[in-house]
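# A look at the structure
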Amino acid sequence: KAGVTQTPRYLIKTRGQQVTLSCSPISGHRSVSWYQQTPGQGLQFLFEYFSETQRNKGNFPGRFSGRQFSNSRSEMNVSTLELGDSALYLCASSWRGGLTDTQYFGPGTRLTVL
Amino acid sequence: QQQVKQSPQSLIVQKGGISIINCAYENTAFDYFPWYQQFPGKGPALLIAIRPDVSEKKEGRFTISFNKSAKQFSLHIMDSQPGDSATYFCAASTETSGSRLTFGEGTQLTVNP
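Residues numbered from 1 in each chain as written. Chains lettered and ligands numbered in written order. Predicted model: local features only at pLDDT ≥ 70, side-chain atom pairs only at ≥ 80, totals over all residues. Heavy atoms only, no water.

### Some points on the sheet that holds strand β7 (residues 64–68) of chain A
All names here are of chain A.
- Ordered in space as β1-β3-β8-β7, the four strands form an open sheet in which the pairing is antiparallel. Two strands bound the open sheet, and with one partner strand each, they are β1 (5–7) and β7. On average, adjacent strands in this sheet sit at an angle of 20° to one another, irrespective of strand direction. (Pairing = 2+ DSSP bridges. Helix = DSSP H or I, 4+ residues; strand = E, 2+ residues; numbered from the N terminus. Axes fitted to C-alpha atoms, helices over the stretch in contact; angles between N-to-C directions.)

This is how it looks when you write it as structure tokens:
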């Protein structure tokens, strides 16, 4: 079974631009969560999508948004990029997003904002 | 109240030794406590997890000890190997938050040969 894939793996943007990251979950998984990983703040939950609906949201500004398609693939968008948005963005998929469902993480997209 | 505190930040052990990483939490609604292992350039991978109705869970060389009254849990890696060198994260979630994981700060483990 193929793992979680994320594209692109690396991105360089400048302040003020916007960016879209893509995540393809493991086949059959319907829940997709997004996390931001930085050296200072660690791993922080952004949001979770299940059956095309946002089911959970972390404490990030509205510049961070996402969506999920009918095939469970998900995208996240960051508008008006700031230097502090430089991070590794991780996507995780699970069967239903239930409490004990194993979450499988992708390798991440490394975003650098200049 | 949503935080999970993890220590130490870094840990160096000799091959064959025992690695111990500790986590503490405040939110008594946390109901699931997984540990993740992350290698450079990779996403975190689930290592082992525990629910608060048991005090210990063992899988191979990895053991979680859980102290509900103290709101603490720890990961023990027995017979540590150089291949175990990675960053380890404890995490927690609640029944209502489901897949939303609150992570500890991470522990960089180095196992010297």
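### Observations concerning the state of the cysteines
- In total, this model carries two disulfides over all chains according to the counting rule given.
- Linked covalently through their sulfurs, A:Cys23 and A:Cys91 form a disulfide whose S-S length is 1.7 Å. The sign of the S-S torsion, about -45°, decides the handedness of the disulfide formed by A:Cys23 and A:Cys91: left-handed. With A:Cys23 in strand β3 (residues 19–24) and A:Cys91 in strand β9 (residues 87–94), this pair connects stretches of sequence that are 68 residues apart.
- In this structure A:Cys23 comes out as buried when scored by relative accessible area, which is 0%.
- Disulfide pairing is shown between B:Cys23 and B:Cys90; the S-S distance is 1.9 Å. Here the S-S torsion is close to -95°, and the disulfide linking B:Cys23 with B:Cys90 is therefore left-handed. Of this pair, B:Cys23 sits in strand β3 (residues 19–25) while B:Cys90 is found in strand β9 (residues 86–94), placing the two residues 67 residues apart along the sequence. Residues B:Cys23 and B:Cys90 agree in their burial class; the two are buried. (Disulfide = S-S within 2.5 Å. Buried < 20%, exposed > 50% of the residue type's maximum accessible area, 1.4 Å probe, protein only.)

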